[in-house]
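Below, each chain spelled out in residue letters.
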Amino acid sequence: MPEPSVRHDAIINAIMANAGRSTLPFPQAHADRWHGTAFWFNDLLDSASGSEVISQYLVTAAEVTRYDLGELTLRPELCEPEMSAEKLLMTDFAEGWTVLGDLGVAVMPTAGLHAHGRRKGWSWATDEITDGLAARHEDIARIGADPRPAYILGHDVGEQDGERLQAVVVGRVARGADGHVHWDSTVPEGCAGAPVFVGEELGDDRFRLVCVGLVLPGTERNRIATFDRIRTAIRESGAGQGTQPVTSSLAEPEPEPRAGEHPETALRTETGEDLETARHPEAGKRPGRWWRRKPRAH
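Residues numbered from 1 in each chain as written. Predicted model: local features only at pLDDT ≥ 70, side-chain atom pairs only at ≥ 80, totals over all residues. Heavy atoms only, no water.

1. Quick look at the overall build of the protein
Our working rule: Going along the chain from the N terminus, every DSSP run of H or I of four or more residues is numbered as a helix, and every run of E of two or more is numbered as a strand. Residue exposure (1.4 Å probe, protein chains only): buried if accessible area is under 20% of the type maximum, exposed if over 50%, otherwise partly exposed. What makes two residues a contact is simply this: any of their non-hydrogen atoms within 4.5 Å. Accessible surface is estimated by sampling points in the Shrake-Rupley manner with a 1.4 Å probe; for residues, cover comes only from the protein chains shown.
Tallying secondary structure elements over the protein gives four helices and 17 strands in all. A buried classification covers 53% of the 298 residues belonging to the protein. Sequence separation of at least 24 residues holds for 69% of the intrachain contacts in the protein that already meet a minimum separation of 6. Here the protein has roughly 14100 Å² of accessible surface; of this, 47% comes from carbon and sulfur atoms.

Here it is as structure tokens:
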């Protein structure tokens, strides 16, 4: 078993390599409140015909979407060609989200965001939480009462200037007496709605990256809305009605990865690798916009 600090570093680098460009910070516009994090999710509808058919959504916590005017921060690295940071004001913000029953989750089809980019002369260059990363029932079932390391990828609120930098928040998750999965410590302001990851041990010092779900608002021991239920609820909600699913050809199978390479459906990192190989693909091209935060005490 690798040293905890080594495994933390490997998983954080894997998160940034696979999902570093999947998140967007937002608050209520013109108000210093309701700060949240949303992320891109590709719901795989079909792959049996030799192509992938997906519906794409922004996903976040429903509680931080219940107002009329929202403000998304379009990080420069999420746009091609790269542009200076832009604030995207969204009217009828609450109406744009479909609330998924009692899960505490809301989703928004991304067709309007793609249309905005086309009008402005750029296209999105995002990572997405894909079918291979999003947890399934068996992944969630393995989370028990014993805490295990976990990682939130969100945008907290800067103490001095309120800047919404991306942060990897290191903590633990465990199943509570209520049967739900919970974060074990305080979640920074602004990270409600952010995706939560674990490294699923494969043996031989390897792991598979899994997105458990998203962290819900709360003061402590925040509940995690898990992807086994989110995936089902999206399809039952009809949230994507009226939008055209995206079809793309399946890529040719890739050779077995070498140490440090990360296919998104079976990410494996060997202990002792040069961790530089697992950095975000844009590392070296733009300033670092994330850091690791230690969990706060109860």
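Resuming the write-up.
2. Notes on the side chain of T226
When you line up the elements, T226 lands in strand β15 (residues 223-226). Excluding residues that lie within four positions of it along the chain, T226 makes contacts with I140, V181, V212 and G213.

3. Remarks on the pairing of β15
What counts, and what does not: Two strands are said to pair when DSSP picks up at least two bridges between them.
By the bridge criterion, two bridges tie strand β12 (residues 181-183) to β15 in an arrangement that is antiparallel. Bridge pairing links V181 to I224 in β15. Judged from the three bridges that link them, strand β14 (residues 206-215) and β15 form a sheet pairing that is antiparallel. What sits directly across from G213, in β15, is T226.

4. So, the side chain of E77
Basically, it comes down to this: Each polar contact in these results corresponds to two N or O atoms within 3.5 Å; when the atoms are within protein, one needs to be able to donate a hydrogen and the other to accept it, and residues that are neighboring in sequence are counted only if both atoms are side-chain atoms.
Checked against the element boundaries, E77 lands in the loop between β4 (70-74) and β5 (79-80). Owing to a relative accessible area of 9%, E77 belongs among the buried residues under this scheme. A polar side-chain atom of E77 sits 2.9 Å from a polar atom in the side chain of R75.

5. Some thoughts on the pairing of β4
Counting buried residues along β4, five of its five residues qualify, which places the element largely inside the surrounding structure. As paired strands, β4 and strand β6 (residues 86-90) are joined by five bridges and run antiparallel to one another. Note on β6: the bridge partner recorded for E71 is L89.

6. Quick word on the packing of aromatic side chains
As a reminder, the rule being used: A pair of Phe, Tyr and Trp rings is counted when the ring centres sit within 6.5 Å of each other, with Trp represented by its six-membered ring. The angle between the planes then sorts it: under 30 degrees is stacked, over 60 is edge-to-face, the rest tilted.
Going through the model one piece at a time under the given rule, you end up with eight aromatic pairs. Each ring, one from Y67 and one from F93, has its centre 5.2 Å from the other, and the planes form 15 degrees; the classification is stacked. Of this pair, Y67 sits in the loop between β3 (51-61) and β4 while F93 sits in the loop between β6 and β7 (98-99), and the two are 26 residues apart along the sequence. An identical accessibility class is assigned to Y67 and F93; each is buried.

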